[in-house]
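A closer look at the structure
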Amino acid sequence: GLRYGALDLRDTDVNGDGRVDGEAGSVLSLGLNWYPTRRLKFALNALQFSEQSGSRHTRETVYQGRFQFAF
């Protein structure tokens, strides 16, 4: 699976301090599921987060793995 999401909370200078208030961010995720049997599931996910606050821009990548067993 592939998913993209974005949120923009930036606004005008609402408190008059000369800076834009709020942040903007997005996430791109890729997931892979494997079902070797009806009761077993392995999942791998990779997510890339991007955040912008004023002139600062941050990007992080997260890797995640899961094992599930249904009984």
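Refer to the preceding data block for the structure.
Here is a short report on the structure shown in this document. (Residues numbered from 1 in each chain as written. Predicted model: local features only at pLDDT ≥ 70, side-chain atom pairs only at ≥ 80, totals over all residues. Heavy atoms only, no water.)

1. Details of the packing of aromatic side chains
- Per the stated rule, a full pass over the model turns up 3 aromatic pairs.
- A centroid spacing of 5.5 Å and a plane angle of 25° characterise the contact between Trp-34 and Phe-42, whose relative ring orientation is stacked.
- For Trp-34, a relative accessible area of 54% translates into the label exposed.
- Among the residues examined, Phe-42 registers a relative accessible area of 32% and is labelled partly exposed.
- One aromatic cluster is present, built from ring pairs that chain together Trp-34, Phe-42 and Phe-67. (Phe/Tyr/Trp six-rings, centres within 6.5 Å; stacked < 30°, edge-to-face > 60°. Buried < 20%, exposed > 50% of the residue type's maximum accessible area, 1.4 Å probe, protein only.)

2. Quick notes on a nonpolar patch on the surface
- A grouping of Trp-34, Phe-42, Phe-67, Phe-69 and Phe-71 is seen on the molecular surface, where their side chains present a nonpolar patch of about 680 Å² in accessible area.
- By secondary structure assignment, the location of Trp-34 is in strand β2 (residues 24-37). (Patch = residues over 30% accessible without salt bridge, like charges linked within 9 Å, V, L, I, M, F, W, Y side chains within 5 Å. Areas by Shrake-Rupley, 256 points an atom, 1.4 Å probe, with all protein chains shown as cover. Salt bridge = Lys/Arg side-chain N within 4 Å of Asp/Glu carboxyl O. Helix = DSSP H or I, 4+ residues; strand = E, 2+ residues; numbered from the N terminus.)

3. A short note on the pattern of salt bridges
- Counting across every chain of the model gives 1 salt bridge.
- The partner of Arg-56 in a salt bridge is Glu-51, with the nearest N and O atoms 3.7 Å apart.
- Owing to a relative accessible area of 29%, Glu-51 belongs among the partly exposed residues under this scheme.

Taken by themselves, the reported measurements are silent on function.
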